[in-house]
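A structural walkthrough
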Amino acid sequence: MNIIMIGAQGSGKGTQAEALERAKGLQPCASGDLLREHMATGTPLGMEARPYYERGDLVPDGLVIQMILDYIREHSSHGITLDGFPRTTPQANALDEALRRMGQRIDHVLYLEAPRALLLDRLGGRYICRAHGHVWNIKTKKPQQPGICDYDGSELYQRSDDTPEKIAHRLDIFFNDTIKLLDFYSAQGKLTRIDAAQPIEVVTKAVLATVGG
Ligand code: AMP
């Protein structure tokens, strides 16, 4: 089974992708995490993507599509949850085409819906673990020990693009552009809207009910 999570920054895509991994064994694949890894290790792709990332702009389709399709070809045997990809129609078309060639498909597209004010509030409290990108939040999902990831003991940090100006810019891109993908997947009959303003466990129940788990 392959799933796409669509949602603005702070809607909880990463957290729900982790829940789907625990419940259904689906491999989470977050395009933002992959880009941060490329930037941290200084690959050519990471160096090309960095200026876009640091401005809070979308990285060009060609770069992101190549990166994600390579990842899917290596990791998709037991199914995958895509988080943050696709964000544009060319990305969505490239994904459909690549999966079709592999004899696979997207089964469900979940839109984690939350109002902008709530997203702004959540993003201000968000911390990420160095080792694996696990997501914590000082308001909604506190680690047991401040500054340390419960899962792997690594240090937590705030992302360079989680400043108030860049957050506002990234949310604008989501609500003006990425949101158009809802029509794309609704036309394919794959879209389910989930109220992501609810507590994490309630959202997880809705996610699992949708995908059959
Ligand atoms: P995220 O961690 O999903 O919030 O992504 C962080 C940043 O990575 C975005 O602001 C973009 O600069 C870049 N990025 C991640 N996914 C994509 C994508 N599918 N298309 C273009 N840029 C992306």
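All of these numbers come straight from a predicted model, not from anything done at the bench.

Evaluated as defined, the whole model comprises 4 aromatic pairs. With a centroid separation of 6.3 Å and 25° between ring planes, the pair formed by Y111 and F174 is classed as stacked. Placement of Y111 in strand 4 (residues 108-113) and of F174 in helix 7 (residues 164-176) is noted, with a sequence separation of 63 residues between them. Accessibility expressed as a relative area gives 4% for F174, which makes it buried. For the pair F184 and Y185, a centre-to-centre distance of 4.9 Å together with 75° between the ring planes defines the contact as edge-to-face. Pair check on accessibility: F184 and Y185 agree, each one buried. Grouping aromatic residues by their ring pairs yields a cluster made of Y111, F174 and F175.

Turning to its location among the elements, R126 is positioned in strand 5 (residues 126-129). Among the polar contacts made by the side chain of R126, one reaches the side chain of D162 at a distance of 3.1 Å. Once you skip the residues sitting within four places of it in the chain, R126 turns out to touch G10, V135, W136, N137, Q158, R159, D162 and R170.

In this section: the sheet that holds strand 7 (residues 156-157). With antiparallel pairing, the 3 strands of this open sheet are ordered in space as 6-5-7. A single partner strand is all that each edge strand has here, and the edge strands are strand 6 (135-137) and strand 7. Pairing between strand 5 and strand 6: 3 bridges, direction antiparallel. What sits directly across from I128, in strand 6, is V135.

With domains assigned, the protein is organised as domain 1 (3-115 + 163-211) and domain 2 (125-161). Using only C-alpha atoms to locate each centre, domain 1 and domain 2 end up separated by 20 Å. Taken together, the contact between domain 1 and domain 2 spans 13 residues of the former and 12 residues of the latter. Summing both sides of the interface, domain 1 and domain 2 together bury roughly 1000 Å²; the carbon and sulfur share of this comes to 37%. For the domain 1 face of the interface with domain 2, the top three residues by lost area are E18, R36 and R170, together amounting to 41%. One can count 2 salt bridges joining domain 1 with domain 2. Between D161 and R170 there is a salt bridge; the shortest N-O distance is 3.5 Å. Joining domain 1 to domain 2, the criterion identifies 5 residue pairs in polar contact (both at pLDDT 80 or more).

Our next topic: the side chain of R36. As for its position among the elements, R36 is in helix 2 (residues 31-41). With a relative accessible area of 16%, R36 lands in the buried category. Sequence-distant contacts of R36, that is, excluding residues within four places in its chain, are made with Y53, Y157 and R159.

Here we take up the site of the ligand. Close to the ligand lie 17 residues, the nearest being S31, D57, G84, R87 and Q91. Here an oxygen atom of the ligand and a backbone polar atom of D57 are 2.5 Å apart. Take V59: an N or O atom from its main chain is 3.0 Å from a nitrogen atom of the ligand. Protein chains shield 97% of the accessible area of the ligand, which is 480 Å² for the free molecule.

What counts and how
Residues numbered from 1 in each chain as written. Predicted model: local features only at pLDDT ≥ 70, side-chain atom pairs only at ≥ 80, totals over all residues. Heavy atoms only, no water. Phe/Tyr/Trp six-rings, centres within 6.5 Å; stacked < 30°, edge-to-face > 60°. Helix = DSSP H or I, 4+ residues; strand = E, 2+ residues; numbered from the N terminus. Buried < 20%, exposed > 50% of the residue type's maximum accessible area, 1.4 Å probe, protein only. Polar contact = N/O pair within 3.5 Å; in protein donor to acceptor, adjacent residues only side chain to side chain. Contact = heavy atoms within 4.5 Å. Pairing = 2+ DSSP bridges. Domains from an automatic or database assignment. Buried area = accessible area lost by both parts, 1.4 Å probe. Salt bridge = Lys/Arg side-chain N within 4 Å of Asp/Glu carboxyl O. Near = heavy atom within 4 Å. Areas by Shrake-Rupley, 256 points an atom, 1.4 Å probe, with all protein chains shown as cover.

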